[in-house]
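# Working through the structure, step by step
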Amino acid sequence: MTVALAPMPQAHALFATRIGVCGLAWNQAALVAVQLPELELTQTRERMLRGLEKRHGLQPSHSHAVYPMAAAVVELPDWVCEAIGGVQQLLAGVLPSSDWDISAQAAARVQGVIGDLRPIWLKRQAQTQTLPQTLPDLCNLPLDEFGVSDFHRRVYAFTRALAPGQTCTYGDVARALGDMGLARAVGQALGANPFAPVVPCHRVLAAGRQPGGFSGGQGAITKLRMLELEGGAWGGTRSLFE
């Protein structure tokens with residue numbers, strides 16, 4: 001007897017993007033984690049789930065830390081399909097996307113990896129507004145920031161306001177938060193970001209507009225690649241403060 005699959009209210013999934021296989025976890029109300037690609041699929045999943053376990057430890061009253069794997073589209077709630085499609089649309093970038101067919105579709109053939117859901121995101125956008133001519137900012141995606149400190153939440157809120165391709169520095173963020181002495185703490189907060197690229201920490205650069213550190217993917221290489229795909233640059237192009 002075949003068991004019919006149904007959307008899972010709390011789970012995680014791996015999905016193909018132009019830069020590799022990303023991860024995403026959710027509960028009934030919001031996204032609880034988003035993970036950029038690691039070198040291996042298992043590493044991507046494990047890093048995301050370890051981060052969730054740590055945050056649940058910091059706030060144990062926030063439900064039970066079990067996020068089973070959703071391996072098929074029918075197991076995803078509609079809003080999660082739209083969220084994945086939005087992330088895929090962002091990471092597809094503004095540059096020619098011929099390599100999407102090579103990398104993302106190949107990854108999607110791996111069992112348990114969700115394929116291209118950009119059509120679902122585009123359909124939803126067409127139903128709610130005029131289709132944007134730019135990449136999505138993903139600011140409409142709900143985030144559950146349990147276990148995240150108030151300071152980190154302030155840093156993430158500021159960072160989410162940066163449009164695709166737009167950059168600023170750790171010092172710029174610190175100044176916007178009212179204390180230039182917080183630049184190092186801003187960098188630490190972004191290094192602990194559990195929602196990349198929905199919270200686009202890759203758009204925040206080091207002093208002198210150098211790339212700085214990056215904890216996701218292959219480090220600074222991934223950061224620069226993501227900026228390139230968005231049509232931005234790390235040398236100062238499209239700075240929020242220029």
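Preceding this paragraph is the structure being described.
These figures come from a predicted structure and were not determined experimentally. Within every chain, residues take consecutive numbers counted from 1 along the sequence as written. Whole-chain, interface and lining totals are the exception, using all residues; otherwise, since this is a predicted model, local features are given only for residues with pLDDT of at least 70 and side-chain atom pairs are given and counted only at 80 or more. The side-chain numbers reported here are obtained from all heavy atoms of the structure, hydrogens and water having been left aside.

## Structural notes on the overall build of the chain
The helix and strand inventory of the chain stands at 8 helices and 6 strands. Think of it this way: any DSSP run of H or I at least four residues long counts as a helix, any run of E at least two long counts as a strand, and we number them from the N terminus. Starting at the N terminus and walking to the C terminus, you meet the elements of the chain as β-β-β-α-α-α-β-α-α-β-α-α-β-α. Looking at the chain as a whole, 47% of its 242 residues qualify as buried. We call two residues contacting when some pair of their heavy atoms lies within 4.5 Å. Contacts in the chain between residues far apart in sequence, at least 24 positions, make up 69% of those at least 6 positions apart. Computed with the Shrake-Rupley method and a 1.4 Å probe, the accessible areas treat only the protein chains shown as cover for residues. For the chain, the exposed area adds up to about 11400 Å²; of that, 55% sits on carbon and sulfur atoms. Residue burial is assigned from relative accessible area. The probe radius is 1.4 Å, only protein chains are included, and a residue is buried under 20% of its type maximum, exposed over 50%, and partly exposed in between.

## Some points on the nonpolar core
Judged by nonpolar contacts, the single largest core of 47 residues is most densely connected at Trp26, Leu31 and Leu76. Contributions of two or more residues to this core are made by β1 (11–17), β2 (20–26), β3 (31–35), α2 (78–92), α5 (150–160), α6 (170–176) and α7 (183–191). Considering each element in turn, this core owes the most residues, 7 residues, to α2. Side-chain atoms within 4.5 Å link the members of a nonpolar core, which is a set of buried Ala, Val, Leu, Ile, Met, Phe, Trp, Tyr and Cys residues. With 7 residues, the next largest nonpolar core counts Ala25, Ala33, Leu52 and Tyr67 among its residues.

## Examining the pattern of salt bridges
Note on definitions: salt bridges are taken to be side-chain nitrogens of Lys or Arg within 4 Å of carboxyl oxygens of Asp or Glu. Counted according to the given criterion, the structure contains 6 salt bridges. Asp116 is the partner of Arg118 in a salt bridge, and the nearest nitrogen-oxygen pair spans 2.9 Å. Residue classification places Asp116 among the partly exposed positions, given a relative accessible area of 32%. A salt bridge links Glu228 to Arg225, with the shortest nitrogen-to-oxygen separation between them at 2.9 Å. Taken together, the residues Glu228 and Arg225, both in helix α8 (residues 220–229) and 3 residues apart, mark about one turn of the helix.

## Re the packing of α2 against helix α4 (residues 118–128)
One way to put it is that α2 packs onto α4 with a least axis distance of 7 Å and a crossing angle of 100 degrees. Relative to α4, the element α2 is oriented roughly perpendicular. Where α2 approaches α4, its residues Cys81, Glu82, Gly85, Gly86, Gln88, Gln89 and Ala92 are matched on the opposing element by Arg118, Ile120, Trp121, Leu122 and Arg124. Only Asp, Glu, Lys and Arg are considered charged in this grouping, and only Ala, Val, Leu, Ile, Met, Phe, Trp, Tyr, Cys and Pro are considered nonpolar; every other residue, Gly among them, is considered polar. When the residues that make up the contact of α2 with α4 are grouped by side-chain class, the tally is 5 nonpolar, 4 polar and 3 charged. Axes, fitted as lines to C-alpha atoms, cover a helix only where it is in contact. Angles between the N-to-C directions of the axes lie from 0 to 180 degrees. The labels follow the angle: roughly parallel below 35 degrees, roughly antiparallel above 145, roughly perpendicular from 65 to 115, and oblique for the rest.

## Topic: α5
Val155, Tyr156, Phe158, Thr159 and Arg160 are the residues of α5 that are buried. On its buried face, α5 sits against β5 (168–169), α6, α7 and β6 (204–205).

## Some details on the packing of aromatic side chains
Any two of the Phe, Tyr and Trp rings considered here, Trp counted by its six-membered ring, make a pair once their centres fall within 6.5 Å; the pair's planes then place it as stacked at under 30 degrees, edge-to-face at over 60, or tilted in between. Using the criterion set out here, one finds 0 aromatic pairs in the structure. The side chain of Arg55 reaches across the aromatic face of Phe146, ending 4.3 Å from its centre. Two limits define a charge over a ring: the Lys NZ or Arg CZ must be within 6 Å of the ring centre, and within 35 degrees of the ring normal.

## What about the packing of α5 against α7?
α7 packs onto α5 with a crossing angle of 80 degrees between their chain directions and a minimal axis gap of 9 Å. Taken together, the axes of α5 and α7 lie roughly perpendicular to each other. Judged by residue contacts, Phe151, His152, Val155, Tyr156 and Thr159 of α5 engage Ala185, Val186, Ala189 and Leu190 from α7. Split into classes, the residues belonging to the contact of α5 with α7 amount to 7 nonpolar, 2 polar and no charged.

## Here we look at the environment of Pro200
Looking at the element boundaries, Pro200 is found in the loop between α7 and β6. Looking at Pro200, the relative accessible area reads 1%, which means it is buried. With near-sequence residues (within four places) excluded, Pro200 lies in contact with Thr159, Arg160 and Leu162.

## Quick look at the sheet that holds β3
A pair of strands is treated as paired once DSSP finds two or more bridges between them. Taken together, 4 strands build an open sheet; the order of strands is β3-β2-β1-β4 and the sheet is mixed. Each having just a single partner strand, β3 and β4 (113–114) make up the two edges of the open sheet.

## What to know about α8
Among the residues of α8, those classed as buried are Thr222, Lys223, Met226, Leu227 and Leu229. Viewed along the axis of α8, the buried residues span an arc of 165 degrees, placing them on a single side of the element. Of the surrounding secondary structure, the elements contacted by the buried residues of α8 are α2, α6 and β6. Arc definition: it is the arc formed by the directions from the helix axis to the C-beta atoms.

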